Amino acid sequence: MTPETKTKISKKEILPRQLSILIEINQAVSRNPDLKVSLTSVLQILEKSFFIKSGSVFLLDEDDTHLRMAASIGYKAELAKTKYKVGEGLTGRVAESGKPIVVPQVSKEPLFLNRMSTWDPSVDKDQTFVGIPIALDYKTLGVLIINLAYNSKRDYDNTTKFLTLIASALLQPIQLQRAIEQERQRLINENVSLKQRLKEDHSFSNIIGTSHEMQEIFSQITQVSNANTTVLIRGESGTGKELIAQSIHYNSPRNDKPFIRVNCAAIPENLIESEFFGYEKGAFTGAVSRKKGRFELAHSGTIFLDEIGDLSPMTQVKLLRVLQEQEFERVGGTETIRVDVRVIAATNANLETLIEKNKFREDLYYRLNVFSIYLPPLRERKSDLLLLADHFMIKYGREQKKVIRRISTPAIDMLMRYHWPGNVRELENCIERAVLVCQDNVIHSYHLPPTLQTAESSNTMSRQSLTNAVFTYEKELIQEALKSASGNKARAARLLDTTERILGYKIEKYEINVNRFK
């Protein structure tokens, strides 16, 4: 309702009966958050207290081109999907003009389409049509349609003003519904965007590695992703088994369903059964309510069981049943729960050795080992090491707001010589530390952790005297200058603020191959 309309309606023009109807309508729209229920309640009040023959509320759709029925009373059920184009018939004219339209006698109005079949001229007496725009800040949101029995003595001016107040009361539930719908749509869009980002982030094309071993793994992921086959991922700790599991899930038909991670080694043995399968209220002390287990939460999706070799024999038996039958009971319950879950397991243990020692069930092993993927340790795919190091350098450079452009040649040599017992995880931590302590644009060998620089851990450097330390540092400076100068000794000498003759002597002394840098 516009400010101009408000000024035209005075308190004296509202009859006591109409005032009580308004109060009842305001209570009705405030009582229920459901839009259709609120609008229907208003029409029911008007039918009971204002003696309308029929009534309806039409709302504009998102593109403001059509009016669709949101609630009605006094019409046949099959008319609930009635809609009008803006400007079509009397209802469309109200929405188009934003002004009320009153037709005392519909029999004399050619624009009355009677699409709602509210009036039969051969049987019914004449009736009155009243259309009131539902507007906010001069913008029409919908139309209130009221059909009354024709009465030549009716005060149509007062009726129009009263129904305009009714239309303004409908703004509250309509605005609330629009706000809820906008928030719902925002959440849906955000959810779709996040799922798409997850799928992109975990695409195996984003897994770093160009070695033959990694290309073979990519091929295996492609083969198994679209199936529901159980997958066993094997490899040393830190090789990226969870990353492979995520890639399989987010490239499978289950990518929009849950991906539940369970670290079997991190859950105490006395709690692992309740974590897997959930429990009923009162199953044990502290079970104050029912809790769903990880398998139930993963229904229709994927469950990732990391460190599967650490499961107790009793849990192995129950896990075998879930894999075979896809059903289980909660702890303390008797109801059998069926689930549709894809299982991806991972381990760094030698399961065959555990079977020989009776620490792992052979039948469970065969059930898990349907499709096996082996992740080689980093020391067996050194060709991927520099790609990974550069990736982590850029990643942590952004996080710490540093511009790290490259890794020095001696530092690269040190990374390549190290045997990486912690695999990719250790390399990531190593580069993160180097970026943190780096003060310029280059990661040098002295930025790397001590584990890479001590004979005890890496067998790459021996204990050095002061002379040897100076020797090593001077050699590294010369190598860096030659690298920057693309092997040009004259330019390298200028970078080091020395003469080409002295630089040539040092190159010969340290047995540096200049052609390596050209």
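Now for a quick tour of the structure. (Residues numbered from 1 in each chain as written. Predicted model: local features only at pLDDT ≥ 70, side-chain atom pairs only at ≥ 80, totals over all residues. Heavy atoms only, no water.)

Regarding the packing of aromatic side chains
Okay, step 1: Per the counting criterion, the structure on display carries 12 aromatic pairs.
Okay, step 2: Taken together, a centroid distance of 5.3 Å and an interplanar angle of 65 degrees make the contact between Tyr-365 and Tyr-366 edge-to-face.
Okay, step 3: What makes Tyr-366 exposed here is its relative accessible area of 52%.
Okay, step 4: Between Tyr-418 and Trp-420, the ring centres sit 4.7 Å apart and the planes meet at 85 degrees, which makes this aromatic pair edge-to-face. For the residue pair Tyr-418 and Trp-420, the accessibility class agrees, reading buried in each case. (Phe/Tyr/Trp six-rings, centres within 6.5 Å; stacked < 30°, edge-to-face > 60°. Buried < 20%, exposed > 50% of the residue type's maximum accessible area, 1.4 Å probe, protein only.)

Brief notes about the side chain of Arg-381
Okay, step 1: Turning to its location among the elements, Arg-381 is positioned in the loop between strand 15 (371–375) and helix 14 (385–399).
Okay, step 2: The buried category is assigned to Arg-381, whose relative accessible area is 5%.
Okay, step 3: Within the structure, Arg-381 has its side chain in polar contact with the side chain of Asp-384 (distance 3.0 Å). (Helix = DSSP H or I, 4+ residues; strand = E, 2+ residues; numbered from the N terminus. Polar contact = N/O pair within 3.5 Å; in protein donor to acceptor, adjacent residues only side chain to side chain.)

Some points on the environment of Cys-430
Okay, step 1: Secondary-structure assignment places Cys-430 in helix 16 (residues 423–437).
Okay, step 2: With relative accessibility at 4%, the residue Cys-430 sits in the buried group.

Focus on the side chain of Thr-239
Okay, step 1: For Thr-239, the location among the structural elements is in the loop between strand 7 (231–235) and helix 8 (241–250).
Okay, step 2: Residue classification places Thr-239 among the buried positions, given a relative accessible area of 7%.
Okay, step 3: Of the polar contacts made by the side chain of Thr-239, one reaches the backbone oxygen of Glu-236; its length is 2.8 Å.
Okay, step 4: What Thr-239 contacts, discounting residues up to four positions off in sequence, is Leu-375, Pro-376, Pro-377, Arg-381, Asn-423 and Val-424. (Contact = heavy atoms within 4.5 Å.)

Observations concerning the layout of surface pockets
It is a probe the size of a water molecule, rolled over the atoms, that shows where empty space is left.
Okay, step 1: Counted as a void, the second largest pocket has a volume near 510 Å³.
Okay, step 2: Lining the second largest pocket are 14 residues, with Leu-60, Asp-61, Glu-62, Arg-178 and Glu-181 sitting closest to its centre.
Okay, step 3: Every element with two or more residues in the lining of the second largest pocket is listed here: strand 1 (54–60), strand 2 (66–73) and helix 6 (171–201).
Okay, step 4: Ranked by residues supplied to the lining of the second largest pocket, first place goes to helix 6 with 6 residues. (1 Å grid on protein atoms, 1.4 Å probe; cavity = no way out; pocket = protein on both sides within 12 Å on 5 of 7 lines; lining within 4 Å. Points joined across faces, edges and corners; volume = space filled by probe spheres on them.)

Re the sheet that holds strand 11 (residues 302–306)
Okay, step 1: Sheet architecture is open: 5 strands sit in the order 8-11-14-7-15, paired in parallel fashion. Two strands close off the open sheet at either side, each with one partner strand: strand 8 (259–263) and strand 15. Ignoring strand direction, the axes of neighbouring strands in this sheet form an average angle of 20 degrees.
Okay, step 2: Strand direction decides the pairing type here: strand 7 and strand 14 (residues 342–347), joined by 4 bridges, are parallel. Bridge pairing in strand 14 places Leu-232 opposite Ala-345. (Pairing = 2+ DSSP bridges. Axes fitted to C-alpha atoms, helices over the stretch in contact; angles between N-to-C directions.)

Some details on a nonpolar patch on the surface
Okay, step 1: On the surface, Tyr-446, Tyr-473 and Leu-477 cluster together to form a nonpolar patch covering roughly 310 Å² of accessible area.
Okay, step 2: Following the sequence through the fold, Tyr-473 ends up in helix 18 (residues 466–484).
Okay, step 3: Classification of Tyr-473 as partly exposed rests on a relative accessible area of 45%. (Patch = residues over 30% accessible without salt bridge, like charges linked within 9 Å, V, L, I, M, F, W, Y side chains within 5 Å. Areas by Shrake-Rupley, 256 points an atom, 1.4 Å probe, with all protein chains shown as cover. Salt bridge = Lys/Arg side-chain N within 4 Å of Asp/Glu carboxyl O.)

Notes on the pattern of salt bridges
Okay, step 1: Tallied over the full model, the rule gives 26 salt bridges.
Okay, step 2: Across the pair Asp-384 and Arg-381 runs a salt bridge whose closest N-O atoms are separated by 3.0 Å. Grouping residues by exposure puts Asp-384 and Arg-381 together as buried.

Some thoughts on the nonpolar core
Okay, step 1: Grouped together as the largest cluster of nonpolar side chains are 34 residues, with contacts concentrated most on Leu-46, Leu-144, Ile-146 and Ile-166.
Okay, step 2: When contributions to this core are tallied by element, the ones reaching two or more residues are helix 2 (16–31), helix 3 (35–49), strand 1, strand 2, strand 5 (127–136), strand 6 (139–149), helix 5 (156–169) and helix 6.
Okay, step 3: Excluding residues that lie within four positions of it along the chain, Ile-146 makes contacts with Leu-43, Leu-46, Ile-52, Ser-54, Gly-55, Thr-128, Phe-129, Val-130 and Leu-163. (Core = buried A, V, L, I, M, F, W, Y, C linked by side-chain atoms within 4.5 Å.)

Observations concerning the pairing of strand 1
Okay, step 1: The element strand 1 is largely enclosed, with a buried count of 7 among its 7 residues.
Okay, step 2: Side chains of strand 1 alternate between two faces, with Ser-54, Ser-56, Phe-58 and Leu-60 and Gly-55, Val-57 and Leu-59 buried alike.
Okay, step 3: Bridging between strand 1 and strand 6 involves 6 bridges; their strand directions are antiparallel. Bridge pairing in strand 6 links Ser-54 to Asn-147.
Okay, step 4: Relative to strand 2, strand 1 is paired through 6 bridges, and the arrangement is antiparallel.

Thoughts on the sheet that holds strand 5
Strand pairing in a sheet relies on backbone hydrogen bonds. The paired strands run either parallel or antiparallel.
Okay, step 1: The 6 strands are arranged 3-2-1-6-5-4 in an open sheet whose pairing can be described as antiparallel. Looking at the sheet topology across the chains shown, the edges are occupied by strand 3 (83–85) and strand 4 (101–103). Between one strand and the next, the sheet's axes are offset by a mean angle of 20 degrees, whatever the strand orientation.
Okay, step 2: The pairing of strand 5 with strand 6 spans 10 bridges and is classified as antiparallel. Residue pairing in the sheet places Leu-136 in a bridge with Lys-139 of strand 6.

Focus: the packing of helix 7 (residues 212–225) against helix 8
Okay, step 1: The geometry of helix 7 relative to helix 8 is characterised by a closest axis approach of 9 Å and an angle of 40 degrees between their N-to-C directions. By the criterion of interaxial angle, the relationship of helix 7 to helix 8 is oblique. Pair helix 7 / helix 8 crosses with right-handed handedness. Mapping the contact onto sequence places Ile-217, Ile-221, Val-224 and Ser-225 in helix 7 and Ile-244, Ser-247 and Ile-248 in helix 8.
Okay, step 2: Residues belonging to the contact of helix 7 with helix 8 are distributed by class as follows: 5 nonpolar, 2 polar and no charged. (Parallel < 35°, antiparallel > 145°, perpendicular 65-115°, else oblique. Left-handed = near helix turned anticlockwise from the far one by under 90°. Nonpolar A, V, L, I, M, F, W, Y, C, P; charged D, E, K, R; others polar.)

What to know about the state of the cysteines
Okay, step 1: One pass over the structure, following the stated rule, counts 0 disulfides.
Okay, step 2: With no disulfide of its own, Cys-430 has Cys-438 as its nearest cysteine by sulfur position, at a separation of 13 Å. (Disulfide = S-S within 2.5 Å.)

What about unusual backbone geometry?
Okay, step 1: The phi dihedral of Trp-420 is positive, around 50 degrees, even though this residue is not glycine.
Okay, step 2: In this fold, Trp-420 is placed in the loop between helix 15 (409–417) and helix 16.
Okay, step 3: The residue Asp-497 is not glycine, and still its phi comes out positive at about 60 degrees.
Okay, step 4: Mapping Asp-497 onto the fold places it in the loop between helix 19 (489–495) and helix 20 (500–509).

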